[in-house]
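Now for the letters of each chain:
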Amino acid sequence: MLFTTTPDDLLHWLRCTDATELEQLWAAADTVRRDNVGDEVHLRGLIEVSNHCVRSCTYCGIAKEHTELTRYRMTTEEVLAAANDALAMGYGTVVMQAGEDYGLTRTWVADVIRQIKARTGLAVTLSLGERPEADLAAWKEAGADRYLMRFETSNRELFSKIHADFGKRPSDRIAQLKRMRELGYEIGSGIMAGIPGQTFADLINDLETFRTLDLDMIGIGPYLPHPATPLGRDAVGIFADTTDQVPTGELITLKLVALTRLVCPRANIPSTTALATINKQNGRELGLQRGANIVMPNLTPVRYRALYEIYPSKACIDETAEQCHACLGGRIRSIGRIPGQGPGSAINRNVGASA
Ligand code: SAM
């Protein structure tokens, strides 16, 4: 069956709730995934380096307004130990993620990148928020390979309602992603599905933005309300007038993963922890069977895990790196897939889609 991805087609699938019809979408996404990126599932070891954040994102549990939260920042030695774990477990990449934390200075991050590269040779992905260009350039120079920053929603008005500018610096994540690519980074981005105020038309624009940015990695997770955030406490009050609201949840996330695979056949697409959180039993596997080809086992020391609480009841919160590794390896093999070897870099230029 030939699948086209015109805006009307995308809208049809985004609204579709017929389980029998949806089987066609799942099968098409799985075929396009296999034909374009193969059966390997690449493993990106996630190190949640710090939960300090200067930003006030109204959806996020580690936003600076969450004053009850105990804050942490990993030491150089702790990050290097986690990178060694990644090497020992055969992962090709480490992802250093954090709130937007200027306590992680340009020099400190550059030094850690250099040490990871020298000791392990792993690919290094950064996900440290909207840092100034001089930081991004210094980290590229130090050896970082990729930068991951979701634009969250392509609806500018909605984005500015949920994601305040930082001081006088306007947040234009799409422009920043383009600049990162010019600096030589592979770029990853993505969205949350079901943000209060998000419409189906927004999702079609999001998919189109994935296509035009020609992203190397695209992460899609369900929006999960956090009770300590303004959006978690009062989404209805804030967005009372939204019509055509996208529901958050597993189905819309899986549909977006599948459609993203059709729109960007060669992208790296993770089966996200947020998806595994809303379906702890087999959310990860369903993501991998409906378009995804990446998982991100957590390497953060267990004593910090619960503190990186961007949303409640996060999956894998009390597992050690070894337990997470064994669990994900088992899940990958249980669906007939193979844990990937090497860095799993983008096989880029997502042109054309058929199934
Ligand atoms: N500070 C960096 C940034 O903003 O890109 C990286 C850390 S940020 C916590 C990582 C991602 O968590 C965000 O891009 C967002 O999509 C996701 N996230 C935050 N709060 C969430 C929520 N309540 N539900 C689902 N995902 C959420």
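Details of the structure are given in the entry above.
What you are looking at is a predicted structure, and each value in this text was computed from that prediction instead of being measured.

Caption draft 1: Examining the overall build of the protein more closely. When helices and strands are tallied, the protein shows 14 helices and eight strands. Taken against the 2.2 N^0.38 rule, which gives 20 Å for 355 residues, the C-alpha radius of gyration of the protein at 19 Å falls within 12% of a compact globule. Projected onto the principal axes, the alpha-carbon positions of the protein cover approximately 50 × 45 × 40 Å. Residues classed as buried in the protein amount to 57% of the 355 residues present. Of the contacts made within the protein by residues no fewer than 6 positions apart, 79% connect residues no fewer than 24 positions apart.

Caption draft 2: Highlighting the packing of helix α1 (residues 7-15) against helix α8 (residues 200-213). Contact geometry of α1 with α8 gives a least axis separation of 10 Å together with a crossing angle of 125 degrees. As summarised for this structure, α1 and α8 are arranged oblique, according to the angle between their axes. In this structure, α1 meets α8 at a crossing whose hand is right-handed. Across the interface between the two elements, P7, L10, L11, L14 and R15 of α1 pack against F200, L203, I204 and L207 of α8.

Caption draft 3: Looking closely at the environment of Q115. With respect to the helices and strands, the residue Q115 is situated in helix α4 (residues 106-120). A residue is classified by how much of its surface remains accessible, and Q115, at 21% relative accessible area, is partly exposed. In sequence terms Q115 and A83 are 32 residues apart; their C-alpha atoms lie 9.8 Å from each other. Contacts of Q115, omitting those with residues within four sequence positions, involve T76 and L80.

Caption draft 4: Here's a closer look at unusual backbone geometry. Phi at D214 is positive, roughly 50 degrees, even though this residue is not glycine. Relative to the helices and strands, D214 is located in the loop between α8 and β6 (217-222). By relative accessible area, which is 15% here, D214 ends up buried. We note that D244 has phi near 65 degrees; this positive angle belongs to a residue other than glycine. Note on placement: D244 falls in the loop between α9 (230-238) and α10 (250-263). Judged by its relative accessible area of 35%, D244 is partly exposed.

Caption draft 5: Here's a closer look at the pattern of salt bridges. The full count for this structure, using the stated rule, is 24 salt bridges. One salt bridge in this structure joins E48 and K314, with 2.9 Å as the shortest N-O distance. On the criterion of sequence distance, the pair formed by E48 in strand β1 (residues 40-50) and K314 in the loop between α13 (302-305) and α14 (321-334) is long-range, its members being 266 residues apart. This pair shows no difference in class: E48 is buried, exactly as K314 is. Of the charged contacts in the structure, one is a salt bridge between R55 and E130, with a shortest N-O distance of 3.4 Å. A residue pair is termed long-range when its members are at least 10 positions apart, and R55 in the loop between β1 and α3 (76-88) and E130 in the loop between β3 (123-127) and α5 (133-142) qualify at 75 residues. Like E130, R55 is buried. Put simply, R55, E100, E130, E152, R169 and R173 are held in one network by salt bridges that share partners.

Caption draft 6: Local environment of the site of the ligand. Around the ligand, 18 residues are found, and the nearest of them are Y59, A98, R150, E152 and L224. One of the backbone nitrogen or oxygen atoms of Y59 is found 2.9 Å away from a nitrogen atom of the ligand. Contact distances for the ligand include 2.9 Å between a nitrogen atom and a backbone N or O atom of A98. Summarising the interface, the protein chains cover 93% of the accessible area of the ligand, which totals 560 Å² for the free molecule. Classifying every residue of the shell around the ligand by side-chain character gives 10 nonpolar, four polar and four charged.

Caption draft 7: Examining the packing of α1 against α10 more closely. Contact geometry for α1 and α10: axes closest at 9 Å, N-to-C directions at 155 degrees. Taken together, the axes of α1 and α10 lie roughly antiparallel to each other. Taken as a pair, α1 and α10 cross one another with a handedness that is right-handed. Residues L10, W13, L14 and R15 of α1 pack against I252, K255, L256, L259 and V263 of α10. Classifying every residue of the contact of α1 with α10 gives seven nonpolar, no polar and two charged.

Caption draft 8: Summary view of the side chain of E285. For E285, the position within the fold is in helix α12 (residues 283-289). A relative accessible area of 10% means that E285 is categorised as buried. A polar contact of 3.1 Å, which involves the side chain of E285, links it to the side chain of R331.

Caption draft 9: How the structure looks around the side chain of K314. The exposure class assigned to K314 is buried, which follows from its relative accessible area of 8%. In terms of polar contacts, K314 uses its side chain to reach the side chain of E48, at 2.9 Å. Here K314 is in contact with E48, T273, T277 and Y308, once residues within four sequence places are set aside.

Caption draft 10: Summary view of the pairing of strand β5 (residues 186-193). Among the eight residues of β5, eight are classified as buried, and the element is accordingly described as predominantly covered. Burial along β5 is two-sided: E186, G188, G190 and M192 facing one way and I187, S189, I191 and A193 facing the other are all buried. In the sheet, β5 pairs with β6 via six bridges, with the strands oriented parallel. Directly across from G188, in β6, lies its bridge partner M217. Handedness of the crossover joining β5 and β6 through α8: right-handed.

Calculation rules
Residues numbered from 1 in each chain as written. Predicted model: local features only at pLDDT ≥ 70, side-chain atom pairs only at ≥ 80, totals over all residues. Heavy atoms only, no water. Helix = DSSP H or I, 4+ residues; strand = E, 2+ residues; numbered from the N terminus. Rg over C-alpha atoms; globule rule 2.2 N^0.38 Å. Buried < 20%, exposed > 50% of the residue type's maximum accessible area, 1.4 Å probe, protein only. Contact = heavy atoms within 4.5 Å. Axes fitted to C-alpha atoms, helices over the stretch in contact; angles between N-to-C directions. Parallel < 35°, antiparallel > 145°, perpendicular 65-115°, else oblique. Left-handed = near helix turned anticlockwise from the far one by under 90°. Salt bridge = Lys/Arg side-chain N within 4 Å of Asp/Glu carboxyl O. Near = heavy atom within 4 Å. Polar contact = N/O pair within 3.5 Å; in protein donor to acceptor, adjacent residues only side chain to side chain. Areas by Shrake-Rupley, 256 points an atom, 1.4 Å probe, with all protein chains shown as cover. Nonpolar A, V, L, I, M, F, W, Y, C, P; charged D, E, K, R; others polar. Pairing = 2+ DSSP bridges. Right-handed = clockwise from strand over helix to strand, strands pointing away.

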